[in-house]
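# Coordinate analysis (summary)
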Amino acid sequence: MLRAGVITSSISLGAGLLLTLTGTAAALADLLLHGGVIVLLATPVIRVLVSISEYAQQRDWKFTLLTLVVLVELLASAVAALLFNRRL
Amino acid sequence: MPVVTPALALIIFVAGAVAGSLGALLGLGGGIFLVPFLNLGLRFPITAAAAISLTTVIATSSSVSAGRAGKQLINIRLGMLLEVATAGGSLLGGVTAQMLAQSTLQKLFGVISAIVAVIMLSRLQRRNVMLDPSADPGILGGRYYEDESGGTVTYRVKRLPVALVASFIAGNLSSLLGIGGGFIKVPVLNAWCGVPMRAAAATSAFMIGVTATAGAVIYYGQGQLVPALAAAAVLGVQLGSWSGMRFGQRASARWLKLLLAIVLFLISVLMFMRGVA
């Protein structure tokens, strides 16, 4: 799954980059690029989500909680990013 | 903000490839080399350099973790536990990076590069740690089958608090400077926490993906990431690390490490001087 994320984002980024360089379809290029970046950034997050559900299924509550905390920290960074944007 | 031209994209692609192959050969992320190149060589603002570098770290980490060798070696529980500390450090670092001046970050980078070089030199002779296969690894320890020795390696994790603190610091530096942080985690895990070298490297590779994400998200949200150039870098690094792993088996690690330690010292001085100027 991690591999799928890297491959998807790579293709998206690669295509977006090519389009940007040739100066055509700017809007599409932008979409591909930003989309690619978002997929790339999301890949570890999804991995954490998968871990959470795995530990929950195994009824390993300690680690379910731990991975949940990691998820919260990741989400907090997204919140921080948005907050900063508004202040500046 | 730099303008995206084909020439620039190509340069970054190549830089990424070099960084990626060095990273694959040495077990470092490419960030240590990519950030100075972008900041000193191409005159990118350090935040832009860090942002691009962090995305390559994520890509590398995800690729390595998905690999078949990774699956067995990665100690997921340990990684996740340390992630709590690392992600926290990374979050703090990302926020702090927005508030620190370029020169401060450059000086910090200079200091850290020197430390990395020293660590690398001190570990030139590192070897695996082997334990009795029937031993109990405990909740956090690991057990994996090692091809070269044809046996099962079991290990326990010791001195967890040390690992947690080191992970927090590594996460902090990761977001501040745009590097992976593995150079702290691997030696700490290996030397102080009883984790065998390859498991430490694999677990660290797994962890830095999450770490870099927290930092990268903040940079991205701040609009400091130039997606097109990040694209060039990511693709370059992937090519580099693939070829590094494919053809790097025969390279003499020892000479390479010596060479790289020298390069890192050089980088350290340059970055520090730039920060002071």
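Please read these numbers as outputs of a predicted model, since none were measured by experiment.

The next point concerns the overall build of chain B. The secondary structure content of chain B amounts to 11 helices and 2 strands. Listing the helices and strands of chain B from first to last along the sequence gives α-α-α-α-α-α-β-β-α-α-α-α-α. Within chain B, the fraction of its 277 residues that count as buried is 58%. A fraction of 80% describes how many contacts in chain B between residues 6 or more apart in sequence connect residues 24 or more apart.

It is worth spelling out the overall build of chain A at this point. In terms of helices and strands, chain A carries 3 helices and 0 strands. Across chain A, helices and strands are ordered from the amino to the carboxyl terminus as α-α-α. Relative to its 88 residues, chain A shows a buried fraction of 38%. Contacts in chain A between residues far apart in sequence, at least 24 positions, make up 36% of those at least 6 positions apart.

Residue and element names in this part refer to chain B. Relative to the helices and strands, Gly 182 resides in helix 8 (residues 182–192). You can call Gly 182 buried: it has 30 C-beta atoms within 10 Å. A sequence separation of 26 residues divides Gly 182 from Ile 208, and the C-alpha atoms of the two residues are 7.0 Å apart.

Next up on the list: helix 7 (residues 160–177) of chain B. All names here are of chain B. Between its terminal C-alpha atoms helix 7 stretches 25 Å, which fits the 26 Å expected from 18 residues at 1.5 Å a residue. Taken as a whole, helix 7 has its buried residues at Ala 163, Ala 166, Ser 167, Phe 168, Ala 170, Gly 171, Asn 172, Leu 173, Ser 174, Ser 175, Leu 176 and Leu 177. Just past helix 7, the residue Gly 178 takes up positive phi, approximately 80 degrees.

Here we take up the interface of chain A and chain B. Reports often express the size of an interface as the amount of accessible area lost when the parts come together. Taken together, the contacts link 37 residues of chain A with 40 residues of chain B. For the side of chain A that touches chain B, the secondary structure elements donating two or more residues are helix 1 (2–22), helix 2 (26–57) and helix 3 (61–87) of chain A. At 15 residues, the largest contribution of residues to the side of chain A that touches chain B is made by helix 3 of chain A. Its residues assigned to classes, the side of chain A that touches chain B shows 23 nonpolar, 12 polar and 2 charged.

This paragraph deals with the confidence of the model for chain A. Overall, the prediction assigns chain A a mean pLDDT of 75, with 69% of residues at 70 or greater. Here helix 1 of chain A stands out as the least confident element of chain A, with mean pLDDT 67; helix 2 of chain A is the most confident, with 80.

The next thing to look at is the environment of Val 111 of chain B. All names here are of chain B. Note on placement: Val 111 falls in helix 6 (residues 102–122). Owing to 14 C-beta atoms within 10 Å, Val 111 belongs among the partly exposed residues under this scheme. C-alpha of Val 111 to C-alpha of Gly 221: the two residues are 110 residues apart in sequence and 28 Å apart in space.

The phi torsion of most residues other than glycine is negative, and most of the peptide bonds are trans. With a phi close to 60 degrees, Arg 59 of chain A is a non-glycine residue in the positive phi region. Relative to the elements of secondary structure, Arg 59 of chain A occurs in the loop between helix 2 and helix 3.

With 108 residues, the main nonpolar core has Ile 52 and Leu 229 of chain B as its most contacted residues. Sort the elements by how many residues they give to this core and helix 9 (residues 197–221) of chain B lands first, with 16 residues.

This part covers the packing of helix 8 of chain B against helix 9 of chain B. Residue and element names in this part refer to chain B. Orientation of helix 8 relative to helix 9, taken along the N-to-C sense of each, is 145 degrees, at an axis distance of 9 Å. Along this stretch, helix 8 crosses helix 9, giving a crossing that reads as right-handed. Each of Gly 182, Lys 185, Val 186, Leu 189 and Asn 190 in helix 8 lies in contact with helix 9, whose residues at this interface are Met 197, Ala 200, Ala 201, Thr 203, Ser 204, Ala 205, Met 207 and Ile 208. Among the residues making up the contact of helix 8 with helix 9, the classes are represented as 8 nonpolar, 4 polar and 1 charged.

Residues and elements named next belong to chain B. Residues with a pLDDT of 70 or more make up 78% of chain B, whose mean pLDDT is 75. Mean pLDDT across the secondary structure elements of chain B bottoms out at strand 1 (residues 142–146), with 54, and peaks at helix 7, with 83. Under a pLDDT of 50 for its full length, residues 127–136 has, in the predicted model, 14 contacts with residues more than four places off or in other chains. As scored by the predictor, the complex reaches a pTM of 0.79 and an ipTM of 0.78.

Cut-off values and rules
Residues numbered from 1 in each chain as written. Chains lettered and ligands numbered in written order. Predicted model: local features only at pLDDT ≥ 70, side-chain atom pairs only at ≥ 80, totals over all residues. Helix = DSSP H or I, 4+ residues; strand = E, 2+ residues; numbered from the N terminus. Buried ≥ 20, exposed ≤ 12 C-beta atoms within 10 Å, placed from the backbone. Contact = placed C-beta atoms within 7 Å. Expected span 1.5 Å × (residues − 1). Nonpolar A, V, L, I, M, F, W, Y, C, P; charged D, E, K, R; others polar. pLDDT = per-residue confidence, 0-100. Core = buried A, V, L, I, M, F, W, Y, C linked by C-beta atoms within 7 Å. Axes fitted to C-alpha atoms, helices over the stretch in contact; angles between N-to-C directions. Left-handed = near helix turned anticlockwise from the far one by under 90°.

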